[in-house]
Amino acid sequence: MSRLLEGKLALVTGIANRWSLAYAIAQAFAREGATLVLTYLGERQKVSIDELAPDLNVALIHPCDVTKDEELTGLTSALAALKQPLHAAVHSLAFANREDLARPFVETSRAGFLLAQDVSAYSLVALARAVMPAMPEGGSISTLTYLGSQRVVPNYNVMGVAKASLEAAMRYLASELGERNIRVNAISAGPVKTASARAIKGFSGILDAAARTPLRRNTDPAEVADAAVFLASGLARGVTGNVLFVDSGMQIMGF
Ligand code: IMJ
């Protein structure tokens, strides 16, 4: 059986722990034959990644704080040192201050707003610029987004604005990088109980909405991961600038 990512090198950011969507994506990429470059933020994530990496097919584990320009140029250098073309990159990163996901949106501070934009949206632009030199043969950049970018989801608040910005950035990048045969897309995942979601008050109520989705179930990280495999693979060679919903169909419902 041939595998969809055989012989490809893929960068996966945002593995915080075994529940991360990025980890499900890394597992699916490895299953499909990809060699991986993983980035992490801070010592706690490094410990997690070192534990998970042996099951993947990892060529490099590299620190990367996307709010620091020098860490992104460091990533560019580390990719160049591998001396093999990069075919895919996955951006699976977001952060907002906890209090901005709990109090009224109108209370959002300037600093909190800018922090969410920096980590969750601008980082896609910065990451795209950092990986471009390693993609001489073209490639695929995918990011993770959420319905809260287009609709009001209780408490999503400043992250909803950041995801709207992320999706728009994805389209502008798709438009510009197309001439290099680099495709840029977003996957809009339904609610999944990751570390980023568990921290949210009322999250189990959100999961109960699964009963009203067309597929009558919650989103499985493996479903998101298989969509990421598709976008990174040649099967998606004509797909760029899209938001692909992997959400049991929740997005189409009006009640
Ligand atoms: C997050 C907040 C409110 C509602 C939410 C979420 N729903 C879902 C999420 C319904 C599914 C998770 N999600 C899609 C996110 O993008 C989460 C981002 C996030 C989470 C945290 C928690 C801990 C923290 N900062 C965060 N920043 C971003 O301190």
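Residues numbered from 1 in each chain as written. Predicted model: local features only at pLDDT ≥ 70, side-chain atom pairs only at ≥ 80, totals over all residues. Heavy atoms only, no water.

## What to know about the sheet that holds strand β3 (residues 58-63)
Here we have 7 strands laid out as an open sheet, ordered β3-β2-β1-β4-β5-β6-β7, and parallel in their pairing. The open sheet terminates on both sides in strands that have one partner only, identified here as β3 and β7 (243-246). For this sheet, the mean inter-axis angle between neighbouring strands, taken without regard to orientation, is 20°. Summarising the sheet, strand β2 (residues 35-40) and β3 pair through 5 bridges and their orientation is parallel. When the bridges of β3 are listed, Tyr40 appears paired with Pro63. Packing of helix α2 (residues 42-52) onto the sheet brings it into contact with β2 and β3, and relative to β2 it is tilted by some 155°. (Pairing = 2+ DSSP bridges. Helix = DSSP H or I, 4+ residues; strand = E, 2+ residues; numbered from the N terminus. Axes fitted to C-alpha atoms, helices over the stretch in contact; angles between N-to-C directions. Contact = heavy atoms within 4.5 Å.)

## Re a nonpolar patch on the surface
Taken together, the side chains of Phe105, Phe113 and Leu114 present a nonpolar region at the surface, about 270 Å² in accessible area. Positionally, Phe113 belongs in helix α4 (residues 110-131). The exposure class of Phe113 is partly exposed, given its relative accessible area of 31%. (Patch = residues over 30% accessible without salt bridge, like charges linked within 9 Å, V, L, I, M, F, W, Y side chains within 5 Å. Areas by Shrake-Rupley, 256 points an atom, 1.4 Å probe, with all protein chains shown as cover. Salt bridge = Lys/Arg side-chain N within 4 Å of Asp/Glu carboxyl O. Buried < 20%, exposed > 50% of the residue type's maximum accessible area, 1.4 Å probe, protein only.)

## Quick look at the site of the ligand
Lining the immediate surroundings of the ligand are 16 residues, of which Ala96, Tyr146, Tyr156, Ser196 and Ile200 lie closest. Between the ligand and Tyr156 there is a distance of 2.7 Å, counted from an oxygen atom to a side-chain nitrogen or oxygen. (Near = heavy atom within 4 Å. Polar contact = N/O pair within 3.5 Å; in protein donor to acceptor, adjacent residues only side chain to side chain.)

## A word on the nonpolar core
If you look at the biggest cluster of nonpolar residues, it comprises 35 residues, and the most contacted ones within it are Val12, Ile15, Phe29, Leu36, Leu38 and Ile187. Secondary-structure elements contributing two or more residues to this core are β1 (9-12), α1 (21-31), β2, α2, β4 (88-91), β6 (182-189) and α8 (221-232). For this core, the element with the most residues is α1, which contributes 9 residues. Setting aside its immediate chain neighbours within four residues, Leu38 contacts Val12, Ile15, Ala26, Ile49, Leu56, Val58, Leu60, Ile61 and His62. (Core = buried A, V, L, I, M, F, W, Y, C linked by side-chain atoms within 4.5 Å.)

## A look at the pairing of β4
Side chains Ala88 and Val90 project from β4 onto one buried face, and the interleaved Ala89 and His91 project onto a second face that is buried too. Of the strand pairs in this sheet, β1 and β4 are connected by 3 bridges, and their pairing is parallel. Residue pairing across strands places Leu11 opposite Ala89, the latter belonging to β4. Bridge count for β4 against strand β5 (residues 139-145) is 4 bridges, and the pairing is parallel. Within β5, the position partnered with Ala88 by the bridge is Ser140. Between the parallel elements β4 and β5, the chain passes through α4 in a crossover that is right-handed. (Right-handed = clockwise from strand over helix to strand, strands pointing away.)

## Points about the side chain of Asp65
In this structure, Asp65 sits in the loop between β3 and α3 (69-82). Polar contacts involving the side chain of Asp65 include one to the side chain of Thr67, which spans 2.6 Å. Look past the residues within four positions of Asp65 in its chain and what remains in contact with it is Leu41 and Glu71.

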